[in-house]
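Listed below, chain by chain, are the residues.
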Amino acid sequence: QIGTICKGYFPVRLYFYVCSWGFTALLAYRFSVKPKTQSEMPVTHKKLPTGIKTMEYIWVIAGVVMLPTILSSMVIKDGVTEVETSGNSRVCVYDYHTGLGSVLSVITLVIPMCFTVLYNTYCYINGIYALQTAPQSVISRQMQRAGGYALVLAGVWAPDLAYNLLRIMTASEYDGGDPFHVLLNITFTLTSLQVCCVFFKFIIIC
């Protein structure tokens with residue numbers, strides 16, 4: 001039964017979504033920190049949060065964010081998910097007809113997604129400001145890189161954010177999410193293209 005499969009599959013997919021947002025926040029933080037020369041570096045200077053330990057923190061934090069959804073799926077008989085069907089497309093989503101489904105959507109999707117986009121934008125603006133003493137060519141190159149990345153991040157996840165907000169606000173008006181299902185299809189397409197783009201860039205670099 002696809003409904004039973006959805007109960008186990010949906011939290012796993014969201015878990016990796018939340019993890020990916022954590023990694024983008026880490027990259028943005030690294031960009032925002034101005035590198036210091038050896039003479040400027042104090043004795044108590046801490047290294048940037050890179051490496052295995054920081055990555056482990058992201059996995060753990062994402063697990064904490066997803067814990068309410070995982071427990072709800074295990075404890076509640078019918079779960080907190082539903083299979084949304086539109087044409088030939090079927091997608092596992094939160095059950096927005098229940099208060100719990102809407103609340104979990106806000107906790108695991110809306111809030112982390114908004115925080116990620118805002119934090120990334122703040123870090124990249126701060127990083128560009130930290131480069132104000134750098135050569136103009138360096139500033140121009142970094143602005144192009146940071147601005148492009150922030151726009152891609154916002155563009156990829158904006159449809160998903162819009163879908164969740166619209167479903168929460170109109171849960172009592174629609175039995176299904178057909179009016180907004182196209183936003184889900186756009187999200188899956190954009191996220192898949194983003195992963196493919198990053199993968200091919202990695203192959204080229206290597």
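Residues numbered from 1 in each chain as written. Predicted model: local features only at pLDDT ≥ 70, side-chain atom pairs only at ≥ 80, totals over all residues. Heavy atoms only, no water.

Caption draft 1: Quick look at empty space enclosed by the protein. Taken as a whole and assessed by the stated rule, the structure comprises one cavity of 30 Å³ or more. Taken as a whole, the largest cavity spans an internal volume of roughly 90 Å³. Around the largest cavity, the lining is made up of 15 residues, and of these Phe10, Arg13, Leu109, Asp160 and Leu184 lie nearest the centre. Sorting the residues of the lining of the largest cavity by element identifies α1 (2-32), β2 (89-94), α4 (136-169) and α5 (181-205) as the ones contributing at least two each. Across the lining of the largest cavity, the residue classes break down as 12 nonpolar, one polar and two charged. (1 Å grid on protein atoms, 1.4 Å probe; cavity = no way out; pocket = protein on both sides within 12 Å on 5 of 7 lines; lining within 4 Å. Points joined across faces, edges and corners; volume = space filled by probe spheres on them. Helix = DSSP H or I, 4+ residues; strand = E, 2+ residues; numbered from the N terminus. Nonpolar A, V, L, I, M, F, W, Y, C, P; charged D, E, K, R; others polar.)

Caption draft 2: Up close: the state of the cysteines. Enumeration over the complete set of coordinates arrives at one disulfide. Paired by a disulfide, Cys6 and Cys92 hold their sulfur atoms 2.3 Å apart. Note that Cys6 is positioned in helix α1 and Cys92 in strand β2, a separation of 86 residues in sequence. Each member of the pair, Cys6 together with Cys92, is buried. (Disulfide = S-S within 2.5 Å. Buried < 20%, exposed > 50% of the residue type's maximum accessible area, 1.4 Å probe, protein only.)

No statement about biological role is implied by the geometric values presented.
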